[in-house]
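# Geometric and topological summary
The primary structure of each chain is shown beneath.
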Amino acid sequence: KAKGEYLKNGILSIGSPNILGVRGLGPLLAIIVEGGKHAVFANKLIEKGVLALTAGKNAVRLLPPLTISREEMDEALTIMKEVF
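What this report covers is the structure whose coordinates are included nearby. (Residues numbered from 1 in each chain as written. Predicted model: local features only at pLDDT ≥ 70, side-chain atom pairs only at ≥ 80, totals over all residues. Heavy atoms only, no water.)

## What about helix α3 (residues 70–83)?
Defined as follows: For helices the rule is a DSSP run of H or I covering at least 4 residues; for strands it is a run of E covering at least 2, with both sets numbered from the N terminus onward. Multiplying one less than the number of residues by 1.5 Å gives the expected span of a helix. For the exposure calls, accessible area comes from a 1.4 Å probe over protein chains only, and a residue counts as buried if that area is under 20% of its type's maximum, exposed if over 50%, partly exposed in between. Here the arc refers to the set of directions running from the helix axis out to each C-beta atom. We call two residues in contact whenever any of their non-hydrogen atoms come within 4.5 Å of each other.
Taking 1.5 Å as the rise per residue, α3 with 14 residues should run 20 Å; its terminal C-alpha atoms sit 20 Å apart, in good agreement. Within α3, the full set of buried residues consists of Met73, Ala76, Leu77, Ile79, Met80 and Val83. Projected down its long axis, α3 shows its buried positions confined to an angular sector of 165 degrees, all on one face. In α3, those exposed residues whose orientation departs by more than 90 degrees from the buried face are Glu71, Glu75, Lys81 and Glu82. As for α3, its buried residues are in contact with α1 (2–12), β2 (28–32), α2 (38–47) and β4 (59–62).

Right, here's the structure in full:
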């Protein structure tokens, strides 16, 4: 639960107008973006080394392992700042 809160707060702190919200439980999160743009963002994240999927019409799904470290989350958040 703590890792999920850390990751969710980190995503929200990016402050990008492209991020409309974050939902999910624990580290299994969905970043809500404008409809139709989720595939573009997911592909950019994958190109930079962050495992991401699309979900529904407007969500980028993150499915990190439960053993993810804070350093790995920070690295992913840095990449997300570049992408979003």
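## So, a nonpolar patch on the surface
This is how it is decided: Residues enter a patch when their relative accessible area is above 30% and they make no salt bridge; the linking distance is 9 Å between like charges and 5 Å between nonpolar side chains (Val, Leu, Ile, Met, Phe, Trp, Tyr). Where accessible areas are quoted, they stem from the Shrake-Rupley method and a 1.4 Å probe; at the residue level, only the protein chains shown are allowed to cover. For this analysis, a salt bridge means a side-chain nitrogen from Lys or Arg found within 4 Å of a carboxyl oxygen belonging to Asp or Glu.
Taken together, the side chains of Leu28, Leu53 and Leu63 present a nonpolar region at the surface, about 250 Å² in accessible area. Considering the arrangement of structural elements, one finds Leu28 in strand β2. We classify Leu28 as partly exposed; its relative accessible area is 40%.

## Observations regarding a negative patch on the surface
So the rule is basically this: The positive count covers Lys and Arg only, the negative count covers Asp and Glu only, and His and the chain ends enter neither. Here the site of a charge means NZ on Lys, CZ on Arg, CG on Asp, or CD on Glu.
A grouping of Glu71, Glu72, Asp74 and Glu75 is seen on the molecular surface, where their side chains present a negatively charged patch. By the secondary structure assignment, Asp74 is in helix α3. What makes Asp74 partly exposed here is its relative accessible area of 31%.

## What to know about the packing of α1 against α3
Packed helices, taken two at a time, are described by the angle between their axes plus the distance between the axes. What counts, and what does not: Under this scheme, a helix contributes an axis fitted over its contacting stretch, all axes are lines through C-alpha atoms, and angles between N-to-C directions fall in the 0 to 180 degree range. Roughly parallel means an angle under 35 degrees; roughly antiparallel means over 145; roughly perpendicular covers 65 to 115; every other angle is labelled oblique. It is the rotation of the near helix from the far one that decides the hand of a crossing: anticlockwise by less than a right angle makes it left-handed, clockwise makes it right-handed. Under the scheme applied, nonpolar residues are Ala, Val, Leu, Ile, Met, Phe, Trp, Tyr, Cys and Pro; charged residues are Asp, Glu, Lys and Arg; polar residues are all the others, including Gly.
Relative orientation of the contacting elements α1 and α3 amounts to 20 degrees, with a least axis distance of 10 Å. With respect to α3, the element α1 is oriented roughly parallel. Both α1 and α3 take part in a crossing whose hand is right-handed. The segment α1 lies against α3, with Lys3, Tyr6, Leu7, Gly10 and Ile11 engaging Arg70, Met73, Asp74, Leu77 and Met80. Partitioning the contact of α1 with α3 into residue classes produces 6 nonpolar, 1 polar and 3 charged.

## Section: the side chain of His38
In this fold, His38 is placed in helix α2. Since its relative accessible area comes to 11%, His38 is described here as buried. Setting aside residues no more than four positions away along its own chain, His38 makes contact with Val33, Thr54, Ala55, Gly56, Lys57, Asn58, Ala59 and Val60.

## What about the environment of Pro27?
For Pro27, the location among the structural elements is in the loop between β1 (21–25) and β2. Taking relative accessible area as the criterion, Pro27 reaches 9% and is therefore assigned buried.

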